[in-house]
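Listed below are the residues making up each chain.
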Amino acid sequence: MLRLVSLKLGRLYRYVKLAVLGSLAAALVLNTHSLLASLQRNELSERRFLQLNKCPACWGTSWCRKFLNGQLRLESWGRLRLLDFFNVKNVYFARYGEPREGSRRVVLKRLGSAQELADIDTKICRRATGRGRCDLLQALPATEFASLNGDVRLLTPGAVEGWSDLVHCPSQRLLDRLVRRYAETKDSGSFLLRNLKDSERMQLLITLAFNPEPLVLQSFPSDEGWPFAKYLGACGRMVAVNYVGEELWSYFNAPWEKRVDLAWQLMEIAEQLTNNDFEFALYLLDVSFDNFAVGPRDGKVIIVDAENILVADKRLIRQNKPENWDVWYESKFDDCDKEACLSFSKEILCARVTVDHNYYAICQNLLSRHATWRGTSGGLLHDPPAEIAKDGRLEALLDECANPKKRYGRFQAAKELREYLAQLSNNVR
């Protein structure tokens, strides 16, 4: 009986597969002319494709000259609009530069799905007119994104608090940093909001409200040692960042020595984002194998999705001294049935100086036996060599880091795990 059911399911799968392939083939045949046309033209030089007409309800214009002059071209399959159905996140790979002079690979992001971008337009229209559709350029002056125009000197916490994870609990020091390092203006370097053009202020605020990833990359740049992809520029609703390498997921079954080194780097990232000389704690609220990539030459792990990062100013917490501000906070283990689960309280992250959230997120979702992703289990450090498995120390540290059994156990386990992974990594190099 079971064999009969499995045979039927197997046939059904084959039929569905053939139907999908047949539909794609038919679509290719019916759209041959448009497909050839899309392969020949450079859509990245077209204002409509870039949604430049949406500005200043966009991410910026600093790279528009490069886009419109044809210095960026989508890589082969990225030119086929038929495949946009599968590209839900609207992430494209492109070449930047002239082939004769040497081009390099870059990543282009719309910072949202087609539906999410449409929702931005709807929200702006509703805030301005009460209706779901409107002329964006006429509607923007009636929104809060235009209220800070004119001679307003500073971007203040009261104006933007809670707009996104980045500014869930902003300090004036953080906001000054965002404005001073804003890359979509020629006047970068000044923390005075009034030094920006009206359109630049609106672009900054809209980015802050709907997807602050570009502002994270600009304010905590890779050039200063932060573990993020390098921000390059924007045009309309398309931003460009440097291509880092293959996503972390592609290393899930890499040799043990490589996985140990990657795990050590991940724990170092957790430490850097938690404790640094700037006294900004950057908490990762979305941690999965897709959010990290590995450089092919230097093997360096980099965060490539920085949308969901909460920044807490430790100096402000020490100054304001909210209730229990100096009590160490332990994140609660979340044994859920879904992938990449995390349990956290944004209010607590904003109100404590010592928090173990980043160690918890990396250990639970990437390294330990509790990590699940795309049908796999066991985490990045699955199937250790026999001698390491027999020793048991690695498994014990990972378990305590993900789901501590004693008070403040995760803090100590994370410290020892970093040291142990460094030792293992040095031993295999």
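Above this note sits the structure.
Residues numbered from 1 in each chain as written. Predicted model: local features only at pLDDT ≥ 70, side-chain atom pairs only at ≥ 80, totals over all residues. Heavy atoms only, no water.

Asker: I tried to follow the overall build of the protein chain on my own but got confused; where do I start?
Answerer: For the protein chain, the count of helices and strands is 17 helices and twelve strands. Sorting the 429 residues of the protein chain into buried and exposed places 48% on the buried side. In the protein chain, the proportion of contacts linking residues at least 24 apart, taken out of those at least 6 apart, comes to 68%. Accessible surface, the protein chain: about 21,400 Å² in total, of which carbon and sulfur atoms supply 51%. (Helix = DSSP H or I, 4+ residues; strand = E, 2+ residues; numbered from the N terminus. Buried < 20%, exposed > 50% of the residue type's maximum accessible area, 1.4 Å probe, protein only. Contact = heavy atoms within 4.5 Å. Areas by Shrake-Rupley, 256 points an atom, 1.4 Å probe, with all protein chains shown as cover.)

Asker: Explain the sheet that holds strand 2 (residues 91-96) here, please?
Answerer: Whenever strands of a sheet pair, they do so through backbone hydrogen bonds, lying parallel or antiparallel. Strand order in the open sheet formed by five strands is 1-2-3-5-4, and the pairing between neighbours is antiparallel. Of all the strands in the sheet, the pair left with one neighbour each is strand 1 (72-74) and strand 4 (231-235). Strand-to-strand, the axes of this sheet are offset by a mean angle of 35 degrees, without reference to chain direction. Pairing of strand 4 with strand 5 (residues 238-242), which is carried by four bridges, proceeds in the antiparallel orientation. The partner of G233 across the bridge, within strand 5, is A240. (Pairing = 2+ DSSP bridges. Axes fitted to C-alpha atoms, helices over the stretch in contact; angles between N-to-C directions.)

Asker: Would you take a moment to explain the packing of helix 11 (residues 256-274) against helix 14 (residues 357-367) for this structure?
Answerer: Packed helix pairs are specified by the crossing angle of their axes together with the interaxial distance, meaning the distance between the axes. The contact between helix 11 and helix 14 brings their axes to 9 Å, and the two run at 155 degrees. Comparing their axes, helix 14 and helix 11 come out roughly antiparallel. By crossing handedness, the relation of helix 11 to helix 14 is classed as right-handed. Residue-level inspection shows A263, L266, M267, A270, E271, L273 and T274 of helix 11 in contact with helix 14, the latter providing N358, Y359, I362, C363, L366 and L367. (Parallel < 35°, antiparallel > 145°, perpendicular 65-115°, else oblique. Left-handed = near helix turned anticlockwise from the far one by under 90°.)

Asker: Just checking my understanding: could you explain the environment of F289 for this structure?
Answerer: Tracing the sequence through the fold places F289 in the loop between strand 7 (280-284) and strand 8 (292-294). Residue class for F289 comes out buried when judged on its relative accessible area of 1%. Sequence separation between F289 and G379 is 90 residues; the distance between their C-alpha atoms is 9.8 Å. If sequence neighbours within four positions are ignored, F289 has contacts with E247, L248, W249, F252, N365, L366, W373 and L380.

Asker: I keep staring at helix 16 (residues 393-402) and nothing clicks. Help me out?
Answerer: Since the α-helix packs 3.6 residues into each turn, any two residues three or four apart lie on the same face. Counting buried residues in helix 16 gives seven out of ten residues, a clear majority hidden from the surface. Here helix 16 has its buried residues at L394, L397, L398, D399, E400, C401 and A402.

Asker: Would you mind showing me how to read the nonpolar core here?
Answerer: The nonpolar side chains of a soluble globular protein tend to be buried, and buried together. Residues F228, M267, F292 and I362 are the most contacted members of the largest nonpolar core, which totals 91 residues. With 20 residues, the next largest nonpolar core counts C64, F67, L232 and C235 among its residues. (Core = buried A, V, L, I, M, F, W, Y, C linked by side-chain atoms within 4.5 Å.)

Asker: Any chance you could explain the state of the cysteines here in plain terms?
Answerer: Covalent bonding between the sulfur atoms of two cysteines is what defines a disulfide. All told, the structure shown has five disulfides when counted by the stated rule. Two residues, C169 and C350, share a disulfide whose sulfurs are 2.1 Å apart. Residues C169 and C350 share a disulfide whose torsion about the S-S bond is about -80 degrees; that sign makes it left-handed. On the criterion of sequence distance, the pair formed by C169 in the loop between helix 7 (157-160) and helix 8 (172-180) and C350 in the loop between helix 13 (346-349) and helix 14 is long-range, its members being 181 residues apart. For C363, the disulfide goes to C401, at an S-S distance of 2.0 Å. On the sign convention where negative means left-handed, the S-S torsion of about 80 degrees between C363 and C401 marks this disulfide as right-handed. Residue C363 is located in helix 14, and its partner C401 is located in helix 16; the two are separated by 38 residues in the primary sequence. Take C363: its relative accessible area is 0%, and that puts it in the buried class. Overall, C401 belongs to the buried group, its relative accessible area being 0%. (Disulfide = S-S within 2.5 Å.)

Asker: How do you make sense of empty space enclosed by the protein when you look at a structure like this?
Answerer: If a probe the size of a water molecule is rolled over the atoms, the empty space left behind becomes visible. Per the counting criterion, the structure on display carries two cavities of 30 Å³ or more. Considering only enclosed or pocket space, the largest cavity measures out at about 50 Å³ in volume. Along the walls of the largest cavity sit L284, L285, D286, N291, F292, I303, D305, N308 and I309, which together make up its complete lining. (1 Å grid on protein atoms, 1.4 Å probe; cavity = no way out; pocket = protein on both sides within 12 Å on 5 of 7 lines; lining within 4 Å. Points joined across faces, edges and corners; volume = space filled by probe spheres on them.)

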